[in-house]
Amino acid sequence: MKILLINTPRSPENRILEFAPDAARPFIHRRLIGPPLGLMTVAAALKDHEVLLFDTKGEFDLKPDHPSLSSLVHRLVSEFRPDVAGTTAITSELYFAWEIFQEVKNTDPRIVTVLGGLHPTLLPYDCFHPSVDVVCPGQSAHIFRNVVEALEHKASLASVPGILLNTGKELKRTAGKPPSCDAANAGYLMPDREPLKRWIDTYKVGGNPFPSTYVFTSLGCPYKCTFCSIWPQFKGKYYQRTVESLIAELQSIPDYPVVRFADANSVVDLGFMNTLFDRILEEGISKTFVMDIRADVAAKHPGIIRKMAKGGLKIVICGFESYRDEELKKYRKDSPASDIAEAIRVFNDNDIMIRGNYVIPNDYSEDDFKALEEYSASNPVVYAGYTILTPMPGTVFYSQVKHQITDHDYRKYNFFNSVMKTRLSYEKFHERVGSLWLIKKGVDVI
Ligand code: B12
Ligand code: SF4
């Protein structure tokens, strides 16, 4: 079978950038750069078939004067003539997934369209659209293979458990339970990075001249922050890969000197990270590592940070969220503000560049902005990022504030736009968030 996988483009909606003072604009991060790990994993499940994986994010970075999404899709479909087309969607990219499939159907209505990814996992029924034939929630690369095989053998898709089918009126779940599959262990698929060579030069972060790739060491998160989509995606469970499968993967990617761990939190099991970095040093694996690490972990366990720094850890992204304990409690962050200063000290002692990220609630007043500005400016962090506390559909925070949401345009659910009424005027609020970026003049490090 011929399968066309298309990565959705990023949403251009960014009110922080639009209303920010001119001086702040160059520092506001506009895009995250990196290959689509989910689709690379799906491609790895389809080794027995002919797969074309196309990264529109990479393409649009490579060619700023790119053709429209629909003409690009039309060309790909006309040239490759796939039997099946698949794409992936986080919330802000759902409409682009629909646009891709609409063009696929316009070009050849016989092609079966299959949607997967985070948003379909959290809210599968939300993905109903005339152009979507099949929705595959969860870590569903193996299930996608079952779909392709059913199509190949002309079996009914209703015989594939674990998917939703478009009846023309609604999405309906197929009967039966999908076989259980631990995508971090027995079901782990080494992502197929080969099809993405064309865009390798676009996968560069933080001014580093070498390409980076994503590798996950774990899936899910044991914490339960109210605004976060990651733990609901895995129903609160946490799955750790094995040390040796990671060593094998790191040794297999010589083209990528920079490795960004795509974990929610890279250091949860201290023993695991300790052994992993022993093995990295033992094998002489030389990479620059970028990771997400919680402030409380660094504050409480400086020894593991020291060890990882020796093994190549150079950049850490740390969700500070807020410097006020009452806000951190409300978010269920499970880490007091005092951990932030201690974590910064530990990272600085080990020459690790930190990016501390704050989330800004819609009810911030001018005094709140001033207080945050003072705090942030007094912190010796190399970079800081400031995004908007957004009620992502499927999160606890969404259910807490859903009646206050004023903007339901999913393209704006990328942390750069307020979708609720703000205490300051709409424009002033975004301008103030934008001006925060002047404090620590950051670049894209993630
Ligand atoms: C890697 C990553 C990226 C990469 C690649 C994503 C891509 N498609 O291009 C890049 C760097 C481009 C990216 C960008 C962004 N990201 Co991002 N990203 C991640 C990250 C760190 C890991 C995701 C991952 O790879 N997981 C592992 C893979 C294996 O799992 P998966 O993607 O879910 O894929 C599996 C299944 O979902 C399924 N599947 C996926 N796709 C498909 C397709 C088909 C057809 C099928 C059958 C199955 C299937 O099978 C896969 C394999 O098992 C997560 C955080 C996290 N730790 O989870 C955030 C995350 C997904 N990102 C997020 C966001 C918001 C963004 C940005 C909007 C951030 C921003 N403000 O800039 C941008 C979007 C674009 C932009 N502005 O540049 C949010 C999404 C929240 C939400 N509810 O929408 C997350 C959860 C982070 C967070 N803190 O909340 N991101
Ligand atoms: S915000 Fe971070 S620590 Fe909190 S649940 Fe999400 S991934 Fe886990």
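### A few points about unusual backbone geometry
And then number 1: Residue Arg81 is not a glycine yet carries a positive backbone phi of 50 degrees.
And then number 2: Along the chain, the position of Arg81 falls in the loop between α4 (69-80) and β3 (84-88).
And then number 3: Classification of Arg81 as exposed rests on a relative accessible area of 57%.
And then number 4: Although it is not a glycine, Lys235 adopts a positive phi angle of roughly 50 degrees.
And then number 5: Take Lys235: it is sitting in the loop between α8 (230-233) and β10 (238-240).

### Comments concerning the site of ligand 1
And then number 1: Neighbouring ligand 1 are 41 residues; Leu32, Thr88, Gln139, Ala262 and Asn414 lie closest to it.
And then number 2: The separation between a nitrogen atom of ligand 1 and a polar side-chain atom of Ser229 is 3.0 Å.
And then number 3: Contact distances for ligand 1 include 2.9 Å between a nitrogen atom and a backbone N or O atom of Ala262.
And then number 4: Breaking the shell around ligand 1 down by element, the ones donating at least two residues are α2 (37-44), β3, β4 (112-116) and α8.
And then number 5: Looking at the shell around ligand 1, the element that brings in the most residues is α2, giving five residues.
And then number 6: Grouping the amino acids of the shell around ligand 1 by side-chain chemistry returns 20 nonpolar, 16 polar and five charged.

### Observations regarding the pattern of salt bridges
Pairing between side chains of opposite charge can happen when their charged atoms approach one another.
And then number 1: Under the criterion given, the structure shown has 34 salt bridges.
And then number 2: With its nearest N and O atoms 2.9 Å apart, the salt bridge here joins Glu373 to Arg432. Taken together, the positions of Glu373 in helix α15 (residues 366-378) and Arg432 in helix α17 (residues 426-436) put the pair 59 residues apart, joining distant regions of the chain.
And then number 3: A relative accessible area of 23% places Glu373 in the partly exposed class.

### A short note on the sheet that holds strand β12 (residues 288-292)
And then number 1: Pairing in this open sheet of six strands is parallel, and the strands run β8-β11-β12-β13-β14-β15 from one edge to the other. Edge positions in the open sheet fall to β8 (212-215) and β15 (383-388), since each of these has one partner strand only. Across the sheet, the mean angle separating the axes of adjacent strands is 20 degrees when strand polarity is ignored.
And then number 2: Where strand β11 (residues 258-261) meets β12, three bridges bridge the pair, whose relative direction is parallel. When the bridges of β12 are listed, Val258 appears paired with Thr288.
And then number 3: The strands touched by helix α14 (residues 338-349) are β13 (313-321) and β14 (353-360); relative to β13, the strand with the most contacts, the crossing angle is about 175 degrees.

Calculation rules
- Residues numbered from 1 in each chain as written.
- Chains lettered and ligands numbered in written order.
- Predicted model: local features only at pLDDT ≥ 70, side-chain atom pairs only at ≥ 80, totals over all residues.
- Heavy atoms only, no water.
- Helix = DSSP H or I, 4+ residues; strand = E, 2+ residues; numbered from the N terminus.
- Buried < 20%, exposed > 50% of the residue type's maximum accessible area, 1.4 Å probe, protein only.
- Near = heavy atom within 4 Å.
- Polar contact = N/O pair within 3.5 Å; in protein donor to acceptor, adjacent residues only side chain to side chain.
- Nonpolar A, V, L, I, M, F, W, Y, C, P; charged D, E, K, R; others polar.
- Salt bridge = Lys/Arg side-chain N within 4 Å of Asp/Glu carboxyl O.
- Pairing = 2+ DSSP bridges.
- Axes fitted to C-alpha atoms, helices over the stretch in contact; angles between N-to-C directions.
- Contact = heavy atoms within 4.5 Å.

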